[in-house]
Amino acid sequence: MRKHWLDNIRWATVVVVVLYHVFYMYNAEGIVGVVGKITDFNVQPYDVFQYEVYPWIMMVLFIVSGISSRLYLERHSDREFVKSRTTKLLVPCTVGLVAFQFIQGYINASISGVLVSNADVPLAAKILIVILSGIGVLWYIQLLWLFSLLLVLVRKLEKDRLWKLCAGANASAFVLLAVPVWGAAQLLNTPLIVVYRFGLYFCVFLLGYFVFSHDEVIERLKKCFFFFLPVALALCAAFCWLNFGQNYADKPVNRSPLFVAHGWFTCLAILGGFARFLDFENAFTRWMSTRSWGLYVFHYLGISAVGLYIAKPGLLHPAATYVLTLLAGFAAGYGLNWLISRLPFFRWAVLGIKKKQAPAA
């Protein structure tokens with residue numbers, strides 16, 4: 001049976017990612033590469049939303065990806081797994097950059113001023129900068145493709161021995177796992193492009209595969225929901241209170257025990273809560289689920305376009321700019337998904353759809 005709660009976590013988290021990127025585009029906390037503050041406020045209190053969600057949004061997506069990988073590999077061979085992940089993940093972040101995402105790259109480079117500050121560089125170098133800048137939100141699928149290949153190697157070594165052992169995970173194990181997750185957060189972090197956290201995200205991806213792919217483990221987690229929810233809320237409040245105004249996306253904040261604890265226990269609450277209360281499908285959740293991939297791939301183009309062409313020159317009142325940016329994120333996500341999924345070459349190059357399917361299926 002399909003685990004609808006996994007689908008619901010996925011699309012709901014992507015919606016949160018869209019909301020996060022709206023606030024991120026105009027943040028007043030010094031996060032670079034975006035338009036930045038467009039209001040006259042000394043402090044933008046609503047920026048706290050970024051602190052509330054940033055520690056867990058990508059962690060939970062990698063956990064869900066780990067669970068989904070296990071479910072796929074129960075019905076397919078390793079070779080089929082690698083082939084499908086290569087088409088779905090590697091093609092969009094390689095071929096897709098040249099076929100379409102260079103548009104995102106131009107906007108990103110224009111917002112950050114990279115093209116202006118490197119005005120004397122050769123044209124070929126500028127083109128390369130634009131193409132590479134188009135990676136944007138696709139960093140997630142780059143890491144996911146790499147982790148998928150590593151998972152195949154891990155499977156050949158452990159031969160399900162570790163997976164079977166992890167079926168006994170209980171409430172105490174859920175809590176204690178915060179320690180290795182924190183340790184992984186200290187490893188393999190790229191210094192400039194801070195989203196590439198190989199250690200942290202590979203760790204939670206593996207935990208999704210080995211621990212949370214067991215039905216019996218999820219049943220125990222569902223029973224712990226009312227314990228983990230208040231813990232997650234308390235850690236979220238503490239993290240926001242102690243770190244608001246600091247760069248939450250870089251060290252030392254993003255490697256601190258409080259950052260990891262907030263992210264980890266929120267993931268536990270989300271997994272348990274969705275499995276307990278949101279394990280269903282209706283017309284709305286089906287519609288959202290089948291379009292969540294396209295929304296993730298394309299939403300930032302709408303957000304950043306409004307940031308560059310409307311917000312940066314100050315053409316609208318800040319409140320109207322925020323609303324327009326939010327609408328543009330969803331419009332670009334759903335609109336471009338509808339269009340690209342119907343174009344023979346581009347649906348493969350940009351969305352990883354090999355054959356004609358229903359939109360974003």
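Calculation notes
Residues numbered from 1 in each chain as written. Predicted model: local features only at pLDDT ≥ 70, side-chain atom pairs only at ≥ 80, totals over all residues. Heavy atoms only, no water. Helix = DSSP H or I, 4+ residues; strand = E, 2+ residues; numbered from the N terminus. Contact = heavy atoms within 4.5 Å. Areas by Shrake-Rupley, 256 points an atom, 1.4 Å probe, with all protein chains shown as cover. Lys, Arg positive; Asp, Glu negative; His and termini not counted. Charge placed at Lys NZ, Arg CZ, Asp CG, Glu CD. Phe/Tyr/Trp six-rings, centres within 6.5 Å; stacked < 30°, edge-to-face > 60°. Buried < 20%, exposed > 50% of the residue type's maximum accessible area, 1.4 Å probe, protein only. Core = buried A, V, L, I, M, F, W, Y, C linked by side-chain atoms within 4.5 Å. Expected span 1.5 Å × (residues − 1). Axes fitted to C-alpha atoms, helices over the stretch in contact; angles between N-to-C directions. Parallel < 35°, antiparallel > 145°, perpendicular 65-115°, else oblique. Left-handed = near helix turned anticlockwise from the far one by under 90°. Polar contact = N/O pair within 3.5 Å; in protein donor to acceptor, adjacent residues only side chain to side chain. Salt bridge = Lys/Arg side-chain N within 4 Å of Asp/Glu carboxyl O.

## Here's the deal with the overall build of the protein chain
- Looking only at helices and strands, the protein chain has 17 helices and zero strands in total.
- Each principal axis of the C-alpha distribution contributes one length, and for the protein chain these read about 60 × 50 × 40 Å.
- For the protein chain, long-range pairs separated by at least 24 residues make up 80% of all intrachain contacts whose partners lie at least 6 apart in sequence.
- Surface exposure of the protein chain reaches about 16300 Å², of which carbon and sulfur atoms provide 70%.
- The centroid of the 31 positive side-chain charges in the protein chain is displaced by 8 Å from the centroid of its 17 negative side-chain charges.

## Comments concerning the packing of aromatic side chains
- The full count for this structure, using the stated rule, is 41 aromatic pairs.
- Residues Phe-62 and Tyr-201 carry aromatic rings whose centres are separated by 4.8 Å and whose planes lie at 20 degrees to one another, so their mutual orientation is stacked. On the criterion of sequence distance, the pair formed by Phe-62 in helix H2 (residues 48-73) and Tyr-201 in helix H11 (residues 198-210) is long-range, its members being 139 residues apart.
- A residue is classified by how much of its surface remains accessible, and Phe-62, at 0% relative accessible area, is buried.
- Classification of Tyr-201 by relative accessible area gives buried; the value is 5%.
- On the basis of an interplanar angle of 55 degrees and a centroid distance of 5.9 Å, the ring pair of Phe-345 and Trp-348 is categorised as tilted. With Phe-345 and Trp-348 both in helix H17 (residues 344-351) and three residues apart, this pair spans about one turn of that helix.
- Here a set of aromatic residues connected by ring pairs shows up, and it is made of Phe-62, Trp-139, Tyr-140, Phe-147, Tyr-196, Phe-198, Tyr-201, Phe-202, Phe-205 and Tyr-296.

## A short note on the nonpolar core
- Grouped together as the largest cluster of nonpolar side chains are 123 residues, with contacts concentrated most on Phe-62, Trp-139, Tyr-201, Phe-212, Tyr-248 and Trp-264.
- Sorting elements by how many residues they give to this core places H2 first, with 17 residues.
- Sequence-distant contacts of Trp-264, that is, excluding residues within four places in its chain, are made with Met-59, Ile-63, Phe-174, Leu-177, Ala-178, Val-181, Val-204, Leu-207 and Phe-212.

## Thoughts on H2
- Between its terminal C-alpha atoms H2 stretches 39 Å, which fits the 38 Å expected from 26 residues at 1.5 Å a residue.
- The element H2 is extensively covered by neighbouring structure, given that 24 of its 26 residues are classed as buried.

## So, helix H7 (residues 139-158)
- Counted at 1.5 Å a residue, the expected span for H7 with its 20 residues is 28 Å, and the 28 Å between its end C-alpha atoms agrees.
- The complete set of buried residues in H7 reads Trp-139, Tyr-140, Ile-141, Leu-143, Leu-144, Phe-147, Ser-148, Leu-151, Val-152, Arg-155 and Glu-158.
- On its buried side, H7 packs onto H2, helix H3 (78-90), helix H8 (161-165), H11 and helix H15 (283-311).
- Where H7 ends, the next residue or the one after it, Lys-159, has phi of about 50 degrees, a positive value.

## Quick notes on the packing of H15 against helix H16 (residues 318-340)
- At their nearest, the axes of H15 and H16 sit 5 Å apart, and the two run at 130 degrees to each other. The angle between H15 and H16 falls in the class oblique. Crossing of H15 over H16 shows right-handed handedness.

## A few points about the packing of H2 against H7
- Orientation of H2 relative to H7, taken along the N-to-C sense of each, is 40 degrees, at an axis distance of 11 Å. With respect to H7, the element H2 is oriented oblique. Two packed elements cross with a definite hand, and for H2 against H7 that hand is right-handed. The residues of H7 that touch H2, namely those facing Met-58, Leu-61, Phe-62, Ser-65, Ser-69, Arg-70 and Leu-73, are Trp-139, Tyr-140, Leu-143, Leu-144, Phe-147, Leu-151 and Arg-155.

## Focus: the side chain of Ser-65
- One can find Ser-65 in helix H2.
- Using a relative accessible area of 10% as the deciding quantity, one classes Ser-65 as buried.
- Reaching out from Ser-65, the side chain makes a polar contact with the backbone oxygen of Leu-61 at a distance of 2.9 Å.
- Setting aside chain neighbours within four positions, we find Ser-65 in contact with Tyr-140, Leu-144 and Phe-205.

## Some details on the pattern of salt bridges
- This model, assessed by the stated rule, comprises nine salt bridges.
- Arg-2 is paired through a salt bridge with Asp-7; the nearest N and O atoms lie 2.7 Å apart.
- Several salt bridges share partner residues, and in doing so they unite Arg-2, Asp-7 and Arg-10 into one network.

## Points about unusual backbone geometry
- Put simply, Lys-251 and Pro-252 share a cis peptide bond, and its omega is 5 degrees.
- One can find Pro-252 in the loop between helix H13 (225-243) and helix H14 (257-277).
- Despite not being glycine, Lys-159 shows a phi value in the positive range, around 50 degrees.
- Mapping Lys-159 onto the fold places it in the loop between H7 and H8.
- Non-glycine residue Leu-188 carries a positive phi angle of around 55 degrees.
- Here Leu-188 shows up in the loop between helix H10 (178-184) and H11.
- When its relative accessible area of 62% is taken as the criterion, Leu-188 is described as exposed.

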